[in-house]
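# Coordinate analysis (summary)
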Amino acid sequence: MATRYLRSSAVLAKQLLKCESKHKISCQSRNLSLHECDSMGLLKSAGIAVPEFRVASTKEQALEVAEELAQKGNKDVVVKAQVLAGGRGKGHFTSGLKGGVKVVYSAAEAADLADQMIGHNLITKQTGEAGRICSKVMIAERKYVRREFYFAITLDRKHAGPVLIASSQGGMNIEDVAAENPSAIITQPIDIMEGVTDAIAERVAASAGFYDDGLTQAVDTIKKLYDLFIKYDATMLEINPMAEDRKGNVLCMDCKINFDDNTEFRQKEIFALKDESQEDARDSKANAAGLNYIALDGTIGCLVNGAGLAMSTMDIIKLHGGSPANFLDVGGGATAEQVTTAFELITSDPNVNAILVNIFGGIMRCDIIAQGIIDAAQKLSLKIPIVVRLRGTRVDDAKALMAASDLKVIPCDNLNEAASMIVKLSSIVELAKDSNVKVNFELPI
């Protein structure tokens, strides 16, 4: 199951650096993605050459900024939907408009296109059928380029540091280039202590195909991009294309940057640019509650403490023929309120037929989990079966709490038996749904 990386570069990073996992959730949603306009703004502030651009949130603003660019001699502009998804150019809007990146030749045309983008969902291969809302557009001057290149910086576990990636074949789907012509991809590991020297930048730029004055400009651009990457704790920076225009100027025509969520405490200005409307509401709620949550496409909700135990729980559910509906790790210091929020997240998925709670109490106390389950059951009026396996710290207190409540759950001390039971119960609920039959579970503790 994919992890909500919203950029095509994430796929490239997996192909090039082979960081895939069995469940494809090892790269959990830990990378803040910014809109292109915000990323381009960071480049511009770092002294990196980019096309002149403006941002508009209404049709009227689009007309105004397009006219402003026209007064500077840029009558031809590019209107780009600001949606955190790859494949914008090949997507379509719920308004009926085809394509999220359009070249126009007048301010009036720019305003008309912006009106068909803003307030409508853009649907691409990465967004799913519902698409993602477009709340603003980026209007940039049109540049006439002679050559297009690809450039990226990403973190590579193998080399334990950043790696520069470049290619002479920019402006196209770089994943296809990597698959069809691997030799066209240049990779250069970087010593994090040394950084990108002139010699390294020149070697990468020359290998990509820059020469003469273009080579000098590319070297300067690459060094500045790396400095920006380090300064803002980025995990990925992608320029596609880096271009040389007909005047010989080297520019970054498009930019995508991801940032490590763990650095939010020192990158407050960057994280203030986060667009919550582009995220799954459940992800935002989980982040706010301090929970590690990833929605999957199964029917059995999982509430577990610890990532390793969560993975094992998912595996044993699969072993018994079931399918997990989520990855949810409440961590070692969860409160009863967080447990209640966890149940809200799980039950917000209409596909969930049953819930398996699997807690090994070390730092995490079982009685806190039990209180959270009780609070959630009362608040949410849970009607689906819940199998609870509690082991460890204060497990007897937890069992006493649940016994004293009106909560109807199925206790099980053996994980294998618990997994087998939850898969069977989920199947019963699924059959009942298919037959439009209501099933009540009245099993005492």
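### Focus: the sheet that holds strand 8 (residues 137–141)
If you walk across this open sheet you meet the four strands as 2-8-3-5, and the pairing is antiparallel. In this open sheet, the two edge strands, each paired with only one partner strand, are strand 2 (53–56) and strand 5 (101–104). With strand direction ignored, the average angle separating the axes of adjacent strands in the sheet is 20°. Across four bridges, the pairing between strand 2 and strand 8 is antiparallel. Among the inter-strand pairings, Arg54 is bridged to a residue of strand 8, identified as Ile139.

### Points about the state of the cysteines
With the rule as written, the count across this model stands at zero disulfides. Free of any disulfide, Cys134 has its nearest cysteine sulfur in Cys37, 10 Å distant. Assessed through its relative accessible area of 0%, Cys134 is described here as buried. Cys255 takes part in no disulfide bond, and the closest cysteine sulfur to it belongs to Cys252, at a distance of 7.0 Å.

### A closer look at the pattern of salt bridges
Close approach of charged atoms lets side chains of opposite charge pair. For the coordinates displayed, the defined rule picks out 20 salt bridges. Salt-bridge contacts for Glu141 lead to Lys143; the nearest nitrogen and oxygen are separated by 3.7 Å. The class of Glu141 is buried, set by a relative accessible area of 11%. In this structure Lys143 comes out as partly exposed when scored by relative accessible area, which is 26%. Put simply, Arg146 and Glu244 hold a salt bridge, and the shortest N to O gap is 2.5 Å. A residue pair is termed long-range when its members are at least 10 positions apart, and Arg146 in strand 9 (residues 145–156) and Glu244 in strand 12 (residues 234–245) qualify at 98 residues. Through salt bridges with shared partners, one network takes in Glu36, Lys80, Arg88 and Asp254.

### As for the sheet that holds strand 4 (residues 92–93)
Taken in spatial order, the three strands of this open sheet run 4-6-7, and their pairing is antiparallel. Either end of the sheet is taken by a strand with one partner, and the two such strands are strand 4 and strand 7 (132–133). Pairing between strand 6 (residues 121–123) and strand 7: two bridges, direction antiparallel. Pairing of Asn121 across the sheet is with Ile133, part of strand 7.

### Topic: helix 2 (residues 36–45)
Within helix 2, seven of the ten residues are buried, which leaves it mostly tucked inside the rest of the structure. Just downstream of helix 2 lies Gly47, where phi reads positive at about 80°.

### Overview of the environment of Gln217
Positionally, Gln217 belongs in helix 7 (residues 212–231). Sequence separation of Gln217 and Asn353 is 136 residues, and the distance between their C-alpha atoms is 58 Å. Leaving out residues up to four positions away in the same chain, Gln217 has contacts with Gly248, Asn249 and Val250.

### Section: the pairing of strand 8
Burial of strand 8 is extensive: five of the five residues sit out of reach of the surface. Burial along strand 8 is two-sided: Val137, Ile139 and Glu141 facing one way and Met138 and Ala140 facing the other are all buried. One ladder, built from five bridges, connects strand 3 (residues 77–81) with strand 8; its direction is antiparallel. Paired with Val77 across the strands is Glu141, a residue of strand 8.

### Some words on unusual backbone geometry
Cis rather than trans, the peptide bond between Asn240 and Pro241 has omega equal to 10°. Counting through the fold element by element, Pro241 comes out in strand 12. Even without a glycine there, the phi angle at Ala160 is positive, about 55°. Along the chain, Ala160 falls in the loop between strand 9 and strand 10 (161–167). What makes Ala160 exposed here is its relative accessible area of 68%.

### Section: the pairing of strand 19 (residues 386–392)
Regular strands have side chains that alternate between both faces of the sheet. With five of seven residues buried, strand 19 lies mostly within the body of the structure. Direction of pairing for strand 18 (residues 354–361) relative to strand 19: parallel, over a ladder of seven bridges. Bridge assignment links Ile359 to a residue of strand 19, and that residue is Leu390. In terms of handedness, the path from strand 18 via helix 12 (residues 366–380) over to strand 19 forms a crossover that is right-handed. In terms of strand pairing, strand 19 meets strand 20 (residues 410–411) through two bridges, oriented parallel. Following the sheet pairing, Val388 is matched in strand 20 by Pro411.

Cut-off values and rules
Residues numbered from 1 in each chain as written. Predicted model: local features only at pLDDT ≥ 70, side-chain atom pairs only at ≥ 80, totals over all residues. Heavy atoms only, no water. Pairing = 2+ DSSP bridges. Helix = DSSP H or I, 4+ residues; strand = E, 2+ residues; numbered from the N terminus. Axes fitted to C-alpha atoms, helices over the stretch in contact; angles between N-to-C directions. Disulfide = S-S within 2.5 Å. Buried < 20%, exposed > 50% of the residue type's maximum accessible area, 1.4 Å probe, protein only. Salt bridge = Lys/Arg side-chain N within 4 Å of Asp/Glu carboxyl O. Contact = heavy atoms within 4.5 Å. Right-handed = clockwise from strand over helix to strand, strands pointing away.

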